[in-house]
Amino acid sequence: MLTSARPVDTGGVRPVRESIPEMAAPAKTFEELRMLPLFGEGPKSPDHIEWEIRFLSDCDQNFSSREEASQFFAARGWDYLAEGKLDTATYRFNLAYILNPRNADSFWGLGVVTYQRGQLPEAIHLLKKGIDVVDTNAVLITDLATVQLKLFEEKQEKDLLNEAISWLDRSASLDPSYANTFSYLSWAHYLQSDYSKAWASLHRARALDLSSIDVTYLRQLIEKMPDPQDFFK
């Protein structure tokens, strides 16, 4: 499962301002666009530009900086995502992006939203944008690799599998203590039919956090090859 409750420090920002952007949205077409990641990444209409200017001006008056405001809306995005309110979460992450295009949480959150909607190529696109901003976050990198593995199961394109393994290896080097990386690395090797490596990675995950292991996957791996360490029966 992808990260869906990424903690963000709001810095004690006043939540009373959250409702203002919703009230300012001027037109039906914009109402539709705001539910698309990054507002659809298309050209901005005059109404959209006018709304964005008003929104930024409002935030400038009510937050100490746009970076702080961006953190606030990203935090609200994660909150709504945890509640399963995907449209509302999308809009909050969009607002965070407007305020600070270098806020990796905007792309990360939108990547999780699109993943939950089953839009795997879009999720990969957005998660990679997040990594372009911060390429040392092992959790984000593992999330990207996880989506690539799921898409590989659908498409059976080896490039997806190879790239996912490359990302997982990078994640493991950045944070050797993050158990989920090794759980998904085990799955990746399983998909390669390299069951010895799959077991080696699974035991690294087990040693770090036993709860990171998916029981259904464990049974599948045992069917292919008994545990060399005889830990799992």
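Calculation criteria
Residues numbered from 1 in each chain as written. Predicted model: local features only at pLDDT ≥ 70, side-chain atom pairs only at ≥ 80, totals over all residues. Heavy atoms only, no water. Helix = DSSP H or I, 4+ residues; strand = E, 2+ residues; numbered from the N terminus. Core = buried A, V, L, I, M, F, W, Y, C linked by side-chain atoms within 4.5 Å. Buried < 20%, exposed > 50% of the residue type's maximum accessible area, 1.4 Å probe, protein only. Contact = heavy atoms within 4.5 Å. Expected span 1.5 Å × (residues − 1). Phe/Tyr/Trp six-rings, centres within 6.5 Å; stacked < 30°, edge-to-face > 60°. Lys NZ or Arg CZ within 6 Å of the ring centre and 35° of its normal. Axes fitted to C-alpha atoms, helices over the stretch in contact; angles between N-to-C directions. Parallel < 35°, antiparallel > 145°, perpendicular 65-115°, else oblique. Left-handed = near helix turned anticlockwise from the far one by under 90°. Nonpolar A, V, L, I, M, F, W, Y, C, P; charged D, E, K, R; others polar.

1. Here's the deal with the environment of Ser196
Looking at the secondary structure, you find Ser196 in helix α11 (residues 195–208). Spatially, the C-alpha atoms of Ser196 and Met225 are 8.0 Å apart, while their sequence positions differ by 29 residues.

2. Focus on the nonpolar core
Formed by 50 residues in total, the largest nonpolar core has its most connected members in Leu81, Leu149, Leu202 and Leu221. Not counting chain neighbours up to four residues away, the residues in contact with Leu202 comprise Phe182, Ser186, Ile213, Tyr217, Leu218, Leu221 and Phe232.

3. Considering helix α7 (residues 120–133)
Its 14 residues give α7 an end-to-end C-alpha distance of 20 Å, which sits within 8% of 20 Å, the value for a rise of 1.5 Å per residue. Check the buried side of α7 and you find it contacts α6 (104–116), α8 (138–155) and α9 (158–174).

4. Some remarks on unusual backbone geometry
With a phi close to 55°, Phe39 is a non-glycine residue in the positive phi region. Tracing the sequence through the fold places Phe39 in the loop between α2 (28–33) and α3 (46–62). Under the relative-accessibility criterion, Phe39 is labelled buried at 7%. Notably, Asp230 is not glycine yet its phi reads approximately 60°, a positive angle.

5. So, the packing of aromatic side chains
The tally for this structure, following the rule as stated, stands at 15 aromatic pairs. Ring centres of Phe63 and Phe72 lie 5.7 Å apart, and the angle between their planes is 45°; this geometry places the pair in the tilted category. The two residues Phe63 and Phe72 agree in class, both being buried. Aromatic pair Tyr184 and Trp187: ring centres 6.1 Å apart, planes at 50°, arrangement tilted. Of the two residues, Tyr184 and Trp187 are both situated in helix α10 (residues 179–191); the distance of 3 residues between them amounts to about one turn of the helix. Accessibility assignment for this pair places Tyr184 and Trp187 in one class, buried. Here a set of aromatic residues connected by ring pairs shows up, and it is made of Phe39, Trp51, Phe55, Phe63, Phe72, Phe73 and Tyr91. The ring of Tyr91 is capped by Arg34, whose NZ or CZ atom sits 4.4 Å from the centre of that ring. A cation over a ring is seen here: Arg206 above Phe231, with NZ or CZ 4.0 Å from the ring centre.

6. Here's the deal with the packing of helix α4 (residues 66–82) against α6
Taken N-terminus to C-terminus, the directions of α4 and α6 make an angle of 20°; their axes are 10 Å apart at the nearest point. When the axis of α4 is compared with that of α6, the two are roughly parallel. Judged by the twist between their axes, the crossing of α4 over α6 is left-handed. Contacts between α4 and α6 involve Ala74, Trp78 and Leu81 on the former and, on the latter, Asp105, Trp108, Gly109, Val112, Val113 and Gln116. Residue composition of the contact of α4 with α6, grouped by class: 6 nonpolar, 2 polar and 1 charged.

So, to be careful, I would describe these as geometric facts and stop short of saying anything about function.
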